[in-house]
Structure formats: C-alpha cells, structure tokens
Amino acid sequence: MSQQPYLVFADDCGQIYDHPRLWAVGNSGHETLLPEPDEWIPIPYGSELYILPQTFPLGYQPQTGQIRPLEFQRLNGKRRRVYAVSAYTPPAYTRTLLPAAQYTQPREWLPLRSYTAVGWKDGQFWVAVFKSDPRDGWNPIYYQEDLTAVVQQKLADYPHNRVWKQLARCTLEYQCNAAYNAMKKRLEIPLPTSSACNSSCVGCLSFQPEDSCPASHDRVTYRLRAHEIAEAAVPHLESVDQAVASFGQGCEGEPLLQTKVIAEAIQLIRQHTAKGTININTNGSLPREVQKLCDAGLDAIRVSLNSGVTESYNRYYQPRGYTFADVKKSLKICKENGIFTSINLLVFPGITDQPCEIEGLFQLIEETQLDYIQLRNMSIDPLMYLDLYPEYSHAGRGIRQMVQQLQKHFPSVQFGYFNRAKEQWYSFAETTQKITGNK
Ligand code: SF4
C-alpha cells in the first residue's frame with residue numbers, strides 16, 4: 001500500500017475518481033513535484049473540491065519515476081476525457097502546493113480561490129496544506145445555521161444603519177463568515193467602509209476588469225457616518241468575549257481613503273466602551289493617515305502584501321499614488337505607536353518561497369519589526385499569478401521550509417492565520433513555533 005495518495009481526476013460529468021496506480025503530485029509554481037508523504041494531511045472538514053476545466057491532470061508513475069499527464073481514462077468501459085481536480089480548504093489552513101495540471105488553450109480565467117493539490121488514500125481525500133492557526137473559532141462547523149430570521153431582526157432593530165444593511169447582504173448572499181460572526185455576536189465584527197481603492201490588485205476580490213475573472217463581491221458604494229459604524233461596533237465589543245472590530249473587508253476598497261470617518265468612529269466607540277480590539281485591515285499605503293488612526297485609538301493593524309520585494313509587490317498591487325516604501329513606513333509608524341502590527345502575507349507556492357522572496361521578507365521584518373505574520377492563501381487562477389513572475393520558472397524552497405526559516409531567524413515573530421484580540425496578541429508564541437510540524 002503506497003504511503004502516497006493516489007491521483008484524483010474527474011470526467012466531464014463531474015464525477016471524481018482515484019487512479020489505481022498513479023500517485024498524486026502538486027505544483028510549486030510551474031514545477032510539478034512528488035511531495036514528501038508528510039506534506040499531505042486528511043482533508044479538513046468544510047473543504048470543497050473543484051474540477052479545473054481546460055486541464056489534464058498530472059500523476060506520478062512509481063515504476064518509472066516519471067510524472068505524466070492523464071488525458072483519457074477508460075471509465076465504465078468507455079475511453080473518457082478527464083480533468084484535473086483541486087481542493088479549496090477552509091480558513092486556518094495554509095496551502096503548500098498547487099494542483100498539478102496541464103492547462104489547455106483557449107481557457108477562461110478561474111474564479112478567485114486558493115486552488116490546492118489533492119489526492120486519495122485510505123478511503124479519504126488528502127490535501128497539501130498545514131494548519132497555520134491553532135484556534136478553532138472559524139471552523140466551518142460553526143457556520144451552519146440559517147440566519148435569515150436573525151438578519152431580519154437585525155434590520156428591524158437598525159432600520160437606518162447601512163453597515164447592518166451591508167452585513168445582511170454579506171451574510172445571506174455571500175455566505176461571509178465574518179458577517180455571520182457579526183450577526184451571531186461572536187469573534188470579529190467586520191466594518192466595511194470604503195468604496196474606492198488606490199491599488200489595482202490583479203486578484204482583487206471586490207473589483208475585476210471586464211476581460212478578467214469574476215470578482216467575489218460587489219464593492220460597497222456608500223459613504224458612512226461615524227455614528228453608523230459605532231452603532232454596529234459598540235454592542236459587539238461590549239458583549240463578545242475577546243471581541244475584535246475590523247475595518248477593511250473583502251467587499252470594500254481601501255479603508256485608509258476613509259480615515260476621517262474611521263478616526264471619528266474609533267473615538268465615538270471609545271467614548272462608549274474600552275472593551276475589545278479595534279483593528280484595520282489595509283494595504284498600508286498612506287502613512288500619514290495611519291498616524292491619524294493611531295492617534296484616534298487604533299489597537300492593531302494588518303497590512304496585506306504578497307511580497308517584501310518592491311518589484312514583486314508592484315506587479316501584483318499596481319499601486320496608484322503610493323509606493324512600497326510608504327507601506328513599510330506605515331508598519332514602522334504603528335510599531336512606534338505601540339500598535340500590534342501584522343501582515344497578511346498572501347502565500348503562493350513557488351513564488352513566496354523563492355530564495356530572493358524569502359530574503360525580501362527577512363528585510364521587511366528587520367526593517368519594520370512587525371509582530372505577527374498571517375499566512376493566508378493567495379486566491380487567484382494559478383496561471384494568472386504565475387504570468388506576473390516569468391523569472392520564477394523553478395520550484396520554491398517549500399512554504400513550510402520558508403516559515404521554519406523565518407521562525408528560526410525571527411523567534412519573536414508570531415505566525416498564524418486570523419486576526420487576534422489584544423488578549424491573544426502574545427498568548428500563542430509556543431504554538432506558533434509548531435505550526436509547520438506535520439512532521
Ligand atoms: S487593496 Fe484590496 S480593495 Fe484594493 S485593489 Fe487590492 S484587494 Fe482590491
């Protein structure tokens with residue numbers, strides 16, 4: 001019995017099969033690899049499987065040691081065209097390998113998801129990920145309830161509050177876990193505020209050009225008042241244990257373009273409660289605006305970036321009117337003001353773990369002295385992202401190996417997946433050291 005999972009593939013009716021001989025492989029960027037057996041874990045609850053159109057799956061032939069495409073397979077006596085299969089794991093898991101597929105042309109861009117290598121063994125699916133955050137609060141098992149009645153009650157309680165109107169749509173239409181938390185008064189309340197952005201991320205969740213893939217959400221179009229934000233946030237911060245309120249969500253643009261109303265809202269919130277943690281998820285583009293939020297009472301910041309290398313950052317974020325140096329300056333300002341400072345590192349196997357990208361992260365951490373790295377998966381069509389970095393034609397060092405290198409060099413930097421309440425800022429130091437330990 002092989003230690004390695006077997007290749008899974010699908011027919012054109014969407015039926016998924018495991019191959020009797022070929023082993024599952026995965027991609028690090030453009031390069032296809034046979035992973036170490038411990039790189040696979042049983043598929044986490046709440047994961048989804050996607051069939052990749054316009055692809056052929058790749059598998060490893062143990063007898064020859066060759067990796068080869070599987071274009072057709074005899075199924076129920078007929079020779080059938082087959083397709084590659086990808087997994088998509090829930091929050092708290094960081095992907096180490098992309099699905100191994102040969103992409104055929106012409107093709108349409110895939111929707112914005114973090115496509116992950118998957119195989120089959122011992123009667124279940126296995127995926128190339130590791131659990132990067134020990135907390136279980138965002139486990140899909142807690143997001144099963146139909147909240148229609150709860151949402152209607154919330155809208156009846158706050159008929160004029162546009163934050164709740166937006167979160168109602170996010171809960172029922174987008175099935176957003178962050179909005180679900182707000183409706184159920186647990187963990188973190190999202191406060192989407194901004195209708196515009198000064199970046200043009202290739203994989204933006206709330207805005208995609210005509211000829212690209214569909215955006216996951218419509219971007220908000222309103223201009224909120226501070227009292228609407230405070231009215232939504234205060235009851236949550238007051239009543240939820242270790243509560244967090246976060247500006248900067250997938251359904252909006254850049255919150256730093258709304259600093260005036262956000263600073264006013266933070267002050268209004270703090271006039272009513274000292275409880276909870278006020279956080280901003282941002283592209284960190286405007287250091288002066290960041291300083292204003294620190295002065296207003298911000299507790300924590302999470303800056304999203306895909307790289308510590310200016311050129312690599314610019315190719316994905318396509319900044320308008322700011323530079324990567326501004327982003328680093330924002331992180332430094334927050335450290336100087338005692339703000340819990342984290343980055344939302346958008347991880348992509350084969351790019352993020354390239355030697356010069358790892359070196360770029362070393363320099364970023366040294367320069368900014370940040371506290372925490374959230375290891376999120378870059379959700380994008382693999383080829384759309386790889387096309388931005390043609391120079392990275394070979395496999396990376398390995399995402400787990402990259403994290404271990406960073407941990408060794410920066411023992412005080414913490415790693416995880418989710419924002420943290422102030423009570424948790426430093427309470428996971430030990431577990432952080434073990435997160436890559438599938439070993
Ligand atoms: S910073 Fe956010 S809102 Fe702006 S383009 Fe990037 S993903 Fe979209």
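Quick caveat: nothing in here was measured; it's all calculated off a predicted structure. Here the residue numbers are simple positions, counted from 1 along each chain's written sequence. For a predicted model such as this one, the threshold for reporting local features is a pLDDT of at least 70, and the threshold for listing and counting side-chain atom pairs is 80 or more; totals across whole chains, interfaces and linings nevertheless cover every residue. The basis for every side-chain value is the complete set of heavy atoms in the structure, and neither hydrogens nor water enter the calculation.

Student: Would you mind going over the site of the ligand in detail, with residue names and values included?
Tutor: What makes a residue near a molecule or strand is one non-hydrogen atom of that residue sitting within 4 Å of it. Cys197, Ser199, Cys201, Cys204, Arg219, Glu252 and Gly253 make up every residue found near the ligand. Here the nonpolar group is Ala, Val, Leu, Ile, Met, Phe, Trp, Tyr, Cys and Pro; Asp, Glu, Lys and Arg are the charged ones; every other residue, Gly included, is treated as polar. For the shell around the ligand, the per-class residue count stands at 3 nonpolar, 2 polar and 2 charged.

Student: Requested: an account of the domain arrangement of the protein chain, with residues and values cited.
Tutor: Where a domain begins and ends is set by an automatic assignment or by a domain database. When its domains are assigned, the protein chain resolves into domain 1 (6-131) and domain 2 (140-436). Residues count as neighbours in contact if any of their non-hydrogen atoms are within 4.5 Å of one another. In this complex, domain 1 contributes 31 residues to the contact, which on the side of domain 2 involves 41 residues. Between domain 1 and domain 2 the total buried area reaches about 3,000 Å² when both faces are included, carbon and sulfur atoms providing 63% of it. Whenever Lys or Arg places a side-chain nitrogen within 4 Å of a carboxyl oxygen from Asp or Glu, that contact is recorded as a salt bridge. For the pair domain 1 and domain 2, the number of links is 2 salt bridges. We call two N or O atoms a polar contact when they sit within 3.5 Å, provided that within protein one can donate a hydrogen and the other can accept it, with sequence-adjacent residues counted only if both atoms are side-chain atoms. For the pair domain 1 and domain 2, the number of links is 14 residue pairs in polar contact (both at pLDDT 80 or more). A quick way to say it: buried area is the sum, across both parts, of accessible area lost when two parts are put together, with a 1.4 Å probe.

Student: Any details on the packing of helix α2 (residues 162-172) against helix α3 (residues 177-184)? Residues and values, ideally.
Tutor: Here an axis means a line fitted to C-alpha atoms, over the contact stretch when the element is a helix, while the angle between two N-to-C directions is reported on a 0 to 180 degree scale. By the criteria applied, helices consist of DSSP H or I runs no shorter than four residues and strands consist of E runs no shorter than two, each listed in order from the N terminus. α3 packs onto α2 with a crossing angle of 120° between their chain directions and a minimal axis gap of 8 Å. It follows that α2 is oblique to α3 by the angle criterion. Seen from above, α2 lies across α3 with left-handed handedness. Of the residues in α3, those in contact with Trp164, Leu167, Ala168, Cys170 and Thr171 of α2 are Ala179, Tyr180, Ala182 and Met183. By definition in this entry, angles of less than 35 degrees are roughly parallel, angles greater than 145 are roughly antiparallel, angles of 65 to 115 are roughly perpendicular, and the rest are oblique. Note on convention: near helix rotated counterclockwise from far helix by under a right angle means a left-handed crossing. Clockwise means right-handed.

Student: Explain the pairing of strand β19 (residues 277-282) residue by residue, including any values.
Tutor: Most of β19 sits out of view: 6 of its 6 residues are buried. Three labels apply to residues, based on accessible area from a 1.4 Å probe with only protein chains included: buried if under 20% of the type maximum, exposed if over 50%, partly exposed otherwise in between. Side chains Thr277, Asn279 and Asn281 of β19 all project onto a buried face; the interleaved residues Ile278, Ile280 and Thr282 project onto the opposite face, where all are buried too. Two strands are said to pair when DSSP picks up at least two bridges between them. Across 4 bridges, the pairing between strand β18 (residues 244-247) and β19 is parallel. Looking at β19, one finds that Ala245 is bridged to Ile278. Bridge analysis of β19 against strand β20 (residues 300-305) gives 4 bridges, and the strand direction is parallel. Across the sheet, residue Asn281 finds its bridge partner in β20, namely Arg302. Seen with its strands pointing away from the viewer, a crossover is right-handed when the path leading from the first strand over the helix to the second is clockwise. What joins β19 to β20 is helix α6 (residues 287-296), and the crossover it makes is right-handed.

Student: Got a sec to walk through the layout of surface pockets? Specific residues and values, please.
Tutor: As a volume, the second largest pocket reaches approximately 160 Å³. Each cavity reported here is a set of points on a 1 Å grid over the protein atoms alone in which a 1.4 Å probe fits but cannot get out, each pocket an open set with protein on both sides within 12 Å along at least five of seven lines, and each lining residue one with an atom within 4 Å of a point. Forming the boundary of the second largest pocket are Arg135, Asp136, Gly137, Trp138, Leu187, Glu188, Asp241, Gln242, Val244, Asn419, Ala421 and Gln424. Looking at the lining of the second largest pocket, its residues break down into 4 nonpolar, 4 polar and 4 charged. Grid points are joined across faces, edges and corners, and a volume is the space filled by probe spheres set on the points.

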